[in-house]
Amino acid sequence: MAAANYLQAEDRFLCSICLDVFTDPVSTSCGHNFCKNCITEHWDKSHQYQCPMCKEAFNTRPDLRVNTLFSEIVAQFRQSAQQKASSSSSSEQQVFKPGEVPCDVCTETKLKALKSCLVCLTSYCETHLEPHLTMSGLKRHQLIDPVENLEDRMCPKHDKPLELFCKTDQTCVCMFCTVSDHKMHDVVPLKEGYEGEKAELETEIQEMIQKRQLKIEEIKHSVDLSQEEADREIAEGVQVFTALKESVERGQANLIKTITEKQKTTENQAEDFIKELEQEISELQKRSSEVEQVTHSEDHLHLLQRFMSLKVAPPTKDWTEVSIHSSHEGTVVRAVVQLEETFSEEMKKLIEAELKRVQRYAVDVTLDPDTAHTQLILSDDGKQMRYGGVKKNLPDNPERFSDRPCVLGKQSFSSGRFYFEVQVKEKTGWTLGVVRESINRKGKITPTPKDGYWMIWLRNGNEYKALDSPQVLLSLKSQPKKVGVFVHYEEGLVSFYDVDAAALIYSFTGCSFTEKLYPFFHPCDKDGGKNSAPLIISPVRVN
């Protein structure tokens, strides 16, 4: 049906099905009129032959023919209505404004274009569009909403409209392109190509949306796990610090009590000495009075006899060596030492708990033979390495170490956390850690974090160092038999543990990782046979 919604038609010229001006009007035997296509489609869908207006049923499908007289009347009404609408709206046409598409035909005042013709490659205002609506030859042209740069819709090679889409080359083409550059290609009309590309794009977008929604859920889940871990860490931390606080307060109370008791003992001892001394002074003063009384007599015999009696049982205690000594020395030191032992015990508990947590990120590491120095001997399962001392005839590929007997793990890591353990017992020298992918593997190695190495080593049987900048000499309570290596990529953390002792050996913190990281192993030379034991990548067993 023709689109004529803008016409002010009377009801008798409107089809009751499409509510538009009749097109090819037909009449049923009951006297009602409909567009031929409307009543035909209505009966095709309902499979019941009855009048949509009065519901009169027909035994057989009526043979409909166009009502010629009524059709002519409708045509006259349509033409009259179009002329009336055209004349009434010509004064209402909008003048072209910036950002709008102007009419290409207007010569004086440029009016706003209503349509663009893909055949004429011209945009038309309402007045100049009229021929395309009324002339039979122009009615076949393809009209679209107004667009600029219509010349871009022409094939630059053949100067013909781009009305086809080559799916093979993913480009718009004209009819001549299909027999030249795009011959035997999968070419479809623009609409079909648009719909296919649109469907493909929508599918791709939906897949991207789903992936991002899954990533959101993954991130939320990670945040939940992180919160659980944070709560657990806080609870453990509060428990440890509470125990330490109570231990400090207990130690402080015991220290004060001990010192107070010692001071009390000292004071009691002093009081006893003073009391004893005062008694002796009192006795001596009494004798002094008696001596004074005797000296007033002139009977010298009596005086001598009296002096002899006064000399009997004088105070005999020698106070020269008697003194009060403070017994507080070392009390505070002993209390602090005891507190330090308590701290060490709590620290050991913390590290044991931490080691259990990092062991959850254990990965299966195997050795990469393409990186191994020619003097290294690797086991068939890729878990053990030892220094052989004899160069093997191997390809000198870019990945292989050429200066020192080193080897990398096959597995690389560029995010998250990972952990592995290496048996180092019965060895007098070794180097372990992680390195970035771009390290120098030819010639001399500079094992520093700046050059992409985060490692610790053992030399001479008992000299442990962290190869930081500068190097750090490590003082270990015991020699590790198994070393655990933990990396948190995002946190920039590399930690080394004595697995059996559950002790932290050393941590590199504040590292900046921007490349893949690989496990690094260096078993060192045999050291006269004392260092012939292999380095072994061990399965992780949580303590």
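Further up the page is the structure itself.
Residues numbered from 1 in each chain as written. Predicted model: local features only at pLDDT ≥ 70, side-chain atom pairs only at ≥ 80, totals over all residues. Heavy atoms only, no water.

## A short note on the sheet that holds strand S19 (residues 503–508)
Phase 1 of the analysis: In space, the seven strands of this open sheet follow the order S9-S10-S21-S12-S17-S18-S19, with antiparallel pairing throughout. Each edge of the open sheet carries a strand with a single partner, namely strand S9 (376–378) and S19. Adjacent strand axes in the sheet meet at a mean angle of 20 degrees when their direction is disregarded. (Pairing = 2+ DSSP bridges. Helix = DSSP H or I, 4+ residues; strand = E, 2+ residues; numbered from the N terminus. Axes fitted to C-alpha atoms, helices over the stretch in contact; angles between N-to-C directions.)

## Some remarks on helix H7 (residues 331–359)
Phase 1 of the analysis: Taking 1.5 Å of rise per residue, 29 residues should cover 42 Å, and H7 covers 42 Å from first to last C-alpha, within 8% of that figure.
Phase 2 of the analysis: Within H7 the residues assigned to the buried category are Thr331, Glu346, Ile351, Leu355, Arg357, Val358 and Gln359. (Expected span 1.5 Å × (residues − 1). Buried < 20%, exposed > 50% of the residue type's maximum accessible area, 1.4 Å probe, protein only.)

## Section: the packing of aromatic side chains
Phase 1 of the analysis: Summed over all chains, the structure comprises 16 aromatic pairs.
Phase 2 of the analysis: With a centroid separation of 6.1 Å and an interplanar angle of 85 degrees, the aromatic rings of Tyr453 and Phe520 are classed as edge-to-face. Here Tyr453, found in strand S14 (residues 453–459), pairs with Phe520, found in strand S20 (residues 517–522); they are 67 residues apart in sequence, far enough to count as distant.
Phase 3 of the analysis: Plain terms: the ring middles of Trp454 and Phe513 are 5.0 Å apart, the flat faces sit at 85 degrees to each other, and that makes the pair edge-to-face. Remark: Phe513 occurs in the loop between S19 and S20 and Trp454 occurs in strand S14; sequence separation between them is 59 residues.
Phase 4 of the analysis: Residue class for Phe513 comes out buried when judged on its relative accessible area of 11%.
Phase 5 of the analysis: Grouping aromatic residues by their ring pairs yields a cluster made of Phe13, Phe22, Phe70 and Phe77. (Phe/Tyr/Trp six-rings, centres within 6.5 Å; stacked < 30°, edge-to-face > 60°.)

## Considerations on the sheet that holds strand S8 (residues 187–189)
Phase 1 of the analysis: One open sheet holds the three strands; their spatial order is S7-S6-S8, and the pairing between them is antiparallel. Looking at the sheet topology across the chains shown, the edges are occupied by strand S7 (171–173) and S8. When the angles between neighbouring strand axes are averaged without regard to direction, this sheet yields 35 degrees.
Phase 2 of the analysis: Pairing of strand S6 (residues 164–166) with S7 involves three bridges; the strand directions are antiparallel. Looking at S7, one finds that Leu164 is bridged to Val173.

## Remarks on the nonpolar core
Phase 1 of the analysis: Trp430, Val483 and Phe521 are the most contacted members of the largest nonpolar core, which totals 35 residues.
Phase 2 of the analysis: If we ignore the near neighbours within four places in the chain, the residues touching Trp430 are Val424, Ile456, Trp457, Leu458, Arg459, Tyr464, Val483, His522, Pro523, Cys524 and Leu535.
Phase 3 of the analysis: One finds Phe13, Phe22, Trp43 and Val74 within the second-largest nonpolar core, a separate group that totals 16 residues. (Core = buried A, V, L, I, M, F, W, Y, C linked by side-chain atoms within 4.5 Å. Contact = heavy atoms within 4.5 Å.)

## Brief notes about empty space enclosed by the protein
Phase 1 of the analysis: In total, this model carries one cavity of 30 Å³ or more according to the counting rule given.
Phase 2 of the analysis: The calculated volume of the largest cavity comes to roughly 60 Å³.
Phase 3 of the analysis: When residues of the lining of the largest cavity are traced back to their parent elements, those giving at least two are S14 and S20.
Phase 4 of the analysis: Element by element, the count of residues in the lining of the largest cavity is highest for S14, at three residues.
Phase 5 of the analysis: Grouping the constituent residues of the lining of the largest cavity by class yields seven nonpolar, two polar and two charged. (1 Å grid on protein atoms, 1.4 Å probe; cavity = no way out; pocket = protein on both sides within 12 Å on 5 of 7 lines; lining within 4 Å. Points joined across faces, edges and corners; volume = space filled by probe spheres on them. Nonpolar A, V, L, I, M, F, W, Y, C, P; charged D, E, K, R; others polar.)

## Some words on unusual backbone geometry
Phase 1 of the analysis: The omega torsion of the bond from Ser469 to Pro470 falls at 0 degrees, within 30 degrees of zero and hence cis.
Phase 2 of the analysis: With phi around 70 degrees, Met184 is a residue other than glycine that occupies positive phi space.
Phase 3 of the analysis: You can see Met184 is positioned in the loop between S7 and S8.
Phase 4 of the analysis: One non-glycine residue with positive phi stands out, namely Asp527, at about 55 degrees.

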